[in-house]
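Given next are the chains, with one letter for each unit.
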Amino acid sequence: VIPGAIIIILAIGKNLKRRAKKTLIKRSQRLGILDEVFEQAKIQFTNLPDEEYRNVMAQLMKKAAESGDEEVIIDKKEKRINDELINQVNQQLGNKGNLKLSEEKGNLGAGFILKRDKIKNNVSLQVLLEQARKELEIELAKELFVSRDS
């Protein structure tokens, strides 16, 4: 997982861990809480102020760029990821910076896909949240297991 991708989720995840530690909850209840937490994270992320959203996207783009000459595919409705942002990222990437905004658009919601030839690196919010959720479920399960043994 790209470290900057779970900025929004971390604070919510800490609250979830506290709630789970206070009571040993059933798996179905835990999954319900996780659903709620990640839905909140999705809403909070998409409602970030433009500048903050653009900063997060720039960080993610820098970390996800492998060759630096990928095309950036965005959502059909995306307005905050634009040529200006991509030019800023290219400057930060230095000699490696040759990202281009793709003519191709997708149904991503938030985030982007970096495409080079036939290889696509999906950095959409949905994928980032799925990855973060898996990590959080594992961490939560470990903590609940340890607290039962104590």
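Our subject is the structure listed above.
Being a predicted model, the structure only gives us computed values, none of them experimental.

A. Region of interest: the packing of aromatic side chains. In the structure shown here, the tally under the stated rule is one aromatic pair. Taking the ring centre of Tyr53 as reference, the NZ or CZ of Arg80 above it sits at 3.6 Å.

B. The side chain of Ser102, seen in detail. Tracing the backbone shows Ser102 in strand β2 (residues 100-106). Note on Ser102: relative accessible area 4%, which makes it buried. Those residues in contact with Ser102 that sit more than four places away from it in its chain are Glu71, Val72 and Ile73.

C. Broad picture of the pattern of salt bridges. This model, assessed by the stated rule, comprises five salt bridges. Among the salt bridges present, the one from Glu84 reaches Arg54, with a minimum N-O distance of 3.9 Å. You can see Glu84 sitting in helix α4 (residues 83-93) and its partner Arg54 sitting in helix α3 (residues 50-64), a full 30 residues away along the chain. A relative accessible area of 13% places Arg54 in the buried class. For Arg116, the salt bridge is made with Asp69, and the minimal N-O distance between the two is 3.0 Å. Of this pair, Arg116 sits in strand β3 (residues 111-116) while Asp69 sits in the loop between α3 and β1 (71-75), placing them 47 residues apart in sequence. Among the charged side chains, a salt-bridge network with shared partners connects Glu104, Lys115 and Lys120.

Cut-offs used in this document
Residues numbered from 1 in each chain as written. Predicted model: local features only at pLDDT ≥ 70, side-chain atom pairs only at ≥ 80, totals over all residues. Heavy atoms only, no water. Phe/Tyr/Trp six-rings, centres within 6.5 Å; stacked < 30°, edge-to-face > 60°. Lys NZ or Arg CZ within 6 Å of the ring centre and 35° of its normal. Helix = DSSP H or I, 4+ residues; strand = E, 2+ residues; numbered from the N terminus. Buried < 20%, exposed > 50% of the residue type's maximum accessible area, 1.4 Å probe, protein only. Contact = heavy atoms within 4.5 Å. Salt bridge = Lys/Arg side-chain N within 4 Å of Asp/Glu carboxyl O.

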